[in-house]
Amino acid sequence: MQKRLLWARFRTALVLFSTAAAAATFSTAALAAFPDKPVKIVVPFAPGGGTDLVARTMGIAMGQELGQPIIIDNKPGAGTIIGTDAVAKAPPDGYTLVMATVAHVVNPSIQSKLPYDHEKAFAPVMLVGVSPNVLVVRAESPLKSVQDVVNAAKANPGKLSFASQGAGTSAHLAGELFRNLTKTNITHIPYRGAGPAMNDLMGGQVDVMFATAAAVGTFIENGKLRALAVTTATRSPAHALAKVPTIAESGVPGYVADSWYGLYAPAGTPADVVARLNAAARKAVQTEAFRKRVEGEGLVINAGSPADFDKYAKGEEARWRKVVKENNITNE
């Protein structure tokens, strides 16, 4: 009887061991096979803006590291919700990612309802980096400083307009915070990306714009746009922005509104696939080509772990939730 009992326990242990070994083999095989087709990064903005630039530049090196092409899929609209929702509902296999911005953590505070569960729909992959927004005007604008903007806005309430790359984006929040702290009435004009917004700014359809440094750096250098101030707490190290003051030092004390970029995959993506994507992304942002393209426009590269990004994003969500509530910021 005792021998039969020992034999039964041995067989049970053997089955459990075999199952675990098979699972480990499957996981290793799945990781070895990933990716076996192109990987798509959804950019929830129109082409031509800072997020698009970061994703495309990063995608080239990341694709080389993964051995598969990285396809950039622009899905603008609804303050990044259209593109973000597409990724939330994509298969959790690592082949569909989203290049998120601060809008990703702000939308839950300013939207009454989202088509996805913000807290459960995504798996963090990597925080790419942090950069300033820039308050810019067209080259021939009579507005030469932050104080000029404030004076013009107070002289004609509601007449002055500011563009952003979409409702709920870092640029929109930067403008709303500016409007509240300066107690001015400036009309917000949201676009489906920085590209269309800049076109209208340079064409004179809007007066000023809050935009990411990556989106406007080249236009500042070639003289098509003039930078009045950066939104960070300290001046930017970027060449095009080195002499540009902060909004805080320009007469709006306490003003800070950073911008950032980060990769998410759908929730449920296998941990080993997320790790593979993280490793490829980290190598991509450390290449000379990527650094040369984005650091000159104000992006401070981060390239940490998925856990690091998750912690950072949750901190950002809490910070902006407080700002949104205190300043009555909406998605209008």
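See above for the structure.
Right, let's walk through the structure included here. (Residues numbered from 1 in each chain as written. Predicted model: local features only at pLDDT ≥ 70, side-chain atom pairs only at ≥ 80, totals over all residues. Heavy atoms only, no water.)

1. Describing helix 4 (residues 103–110)
As a reminder of what qualifies: For the exposure calls, accessible area comes from a 1.4 Å probe over protein chains only, and a residue counts as buried if that area is under 20% of its type's maximum, exposed if over 50%, partly exposed in between. What counts as a helix is a DSSP run of H or I of at least four residues, what counts as a strand is a run of E of at least two, and both are numbered from the N terminus.
Helix 4 sits mainly inside the fold: six of its eight residues count as buried. All of the buried residues in helix 4 are Ala-103, His-104, Val-105, Val-106, Asn-107 and Ile-110.

2. Remarks on the nonpolar core
Generally speaking, nonpolar side chains in soluble globular proteins are found buried as a group. Under the convention used in this document: Take the buried Ala, Val, Leu, Ile, Met, Phe, Trp, Tyr and Cys residues and link them wherever side-chain atoms come within 4.5 Å; each set so joined is a nonpolar core.
Ranked by internal contacts, the top residues of the largest apolar core, which has 46 residues, are Val-106, Val-149, Phe-178, Phe-210 and Tyr-255. Core analysis: the next-biggest nonpolar cluster, separate from the first, contains 36 residues, Phe-45, Ala-61, Leu-263 and Ala-265 among them.

3. Topic: helix 5 (residues 146–155)
Formally: Throughout, the arc means the angular range of directions from the helix axis out to the C-beta atoms. Contact definition: two residues touch when any of their heavy atoms are within 4.5 Å.
Those residues of helix 5 lying buried are Val-146, Val-149, Val-150 and Ala-153. Here the buried residues of helix 5 occupy an arc of 95° about the axis, which is enough to place them on one side. Summarising the contacts, the buried residues of helix 5 are in contact with strand 4 (122–138), helix 6 (170–181), strand 7 (208–212) and strand 8 (225–230).

4. A word on the pairing of strand 8
Just so we agree on the cut-off: A pair of strands counts as paired when DSSP detects no fewer than two bridges linking them.
Burial of strand 8 is extensive: five of the six residues sit out of reach of the surface. Of the strand pairs in this sheet, strand 4 and strand 8 are connected by five bridges, and their pairing is antiparallel. Bridge pairing links Val-137 to Arg-226 in strand 8.

5. A short note on the packing of helix 4 against helix 11 (residues 306–327)
The criterion, for reference: Every axis in this analysis is a line fitted to C-alpha atoms, fitted for helices over the stretch in contact. Angles between the N-to-C directions lie between 0 and 180 degrees. Just so you know how the angles are binned, under 35 degrees is roughly parallel, over 145 roughly antiparallel, 65 to 115 roughly perpendicular, and the rest oblique. In a left-handed crossing the near helix is turned counterclockwise from the far helix by less than a right angle, and in a right-handed crossing that turn is clockwise. Polar here means any residue other than Ala, Val, Leu, Ile, Met, Phe, Trp, Tyr, Cys and Pro, which are nonpolar, and Asp, Glu, Lys and Arg, which are charged; Gly is therefore polar.
It is the contact of helix 4 with helix 11, at a shortest axis distance of 9 Å, that shows an interaxial angle of 40°. Of the possible angle classes, the one that applies to helix 4 and helix 11 is oblique. Considering the relative orientation of helix 4 and helix 11, their crossing is right-handed. Between helix 4 and helix 11, the contacting residues are Val-105, Val-106, Pro-108, Ser-109 and Ile-110 on the first element and Ala-313, Glu-316, Glu-317, Trp-320, Arg-321 and Val-324 on the second. Of the residues contributing to the contact of helix 4 with helix 11, the split by class is seven nonpolar, one polar and three charged.

6. Quick look at the packing of helix 7 (residues 194–203) against helix 8 (residues 213–221)
Following both chains from N to C, one finds helix 7 and helix 8 inclined at 35°, their axes separated by 11 Å at the closest point. In this structure, helix 7 meets helix 8 at a crossing whose hand is right-handed. Contacts between helix 7 and helix 8 involve Ala-194, Met-198 and Met-202 on the former and, on the latter, Ala-215, Val-216 and Phe-219. Classifying every residue of the contact of helix 7 with helix 8 gives six nonpolar, no polar and no charged.

7. Digging into the packing of aromatic side chains
Quick note on the threshold: Whether two aromatic rings pair depends on their centres lying within 6.5 Å, for rings of Phe, Tyr and Trp, where Trp uses its six-membered ring; planes under 30 degrees apart make the pair stacked, over 60 edge-to-face, and the rest tilted.
Per the counting criterion, the structure on display carries nine aromatic pairs. A centroid spacing of 5.8 Å and a plane angle of 80° characterise the contact between Trp-260 and Phe-309, whose relative ring orientation is edge-to-face. Of this pair, Trp-260 sits in strand 9 (residues 258–266) while Phe-309 sits in helix 11; the two residues are 49 residues apart in sequence, bridging distant segments of the chain. Residues Trp-260 and Phe-309 agree in their burial class; the two are buried.

8. A look at the environment of Lys-283
Short version of the rule: For this analysis, a polar contact is any N or O atom pair within 3.5 Å, provided that within protein one partner can donate a hydrogen and the other can accept it, and provided that sequence-adjacent residues contribute only side-chain to side-chain pairs.
Structurally, Lys-283 is set in helix 9 (residues 271–285). Along the chain, Lys-283 and Met-62 lie 221 residues apart, while their C-alpha atoms are 7.3 Å from each other. Looking at Lys-283, its side chain comes within polar contact range of the side chain of Glu-65, at 3.4 Å.

9. As for the environment of Pro-38
Assignment of secondary structure puts Pro-38 in the loop between helix 1 (2–33) and strand 1 (39–43). When its relative accessible area of 34% is taken as the criterion, Pro-38 is described as partly exposed. Each C-alpha atom, one on Pro-38 and one on Gln-68, is 5.1 Å from the other, the two residues being 30 residues apart in sequence. In contact with Pro-38, not counting residues within four places along its chain, are Gln-68, Pro-69, Ile-71 and Tyr-95.

10. A look at the pattern of salt bridges
The line we're drawing: The working definition used for a salt bridge is a side-chain nitrogen of Lys or Arg within 4 Å of a carboxyl oxygen of Asp or Glu.
Applying the stated criterion to the full structure yields ten salt bridges. Residues Lys-283 and Glu-65 are paired through a salt bridge, measuring 3.4 Å at the closest nitrogen-oxygen approach. Here Glu-65 lies in helix 2 (residues 50–66) and Lys-283 lies in helix 9, a separation of 218 residues in the sequence. Looking at Glu-65, the relative accessible area reads 39%, which means it is partly exposed.

11. Observations regarding unusual backbone geometry
Residue Pro-35 is reached from Phe-34 by a cis peptide bond, and omega for that bond is -5°. Its place among the elements puts Pro-35 in the loop between helix 1 and strand 1. Positive phi outside glycine occurs at Thr-80, with the angle close to 80°. Using a relative accessible area of 5% as the deciding quantity, one classes Thr-80 as buried. Of note, the phi angle at Ala-303 is positive, near 60°, even though the residue is not glycine. With respect to the helices and strands, Ala-303 occurs in the loop between strand 10 (300–301) and helix 11.

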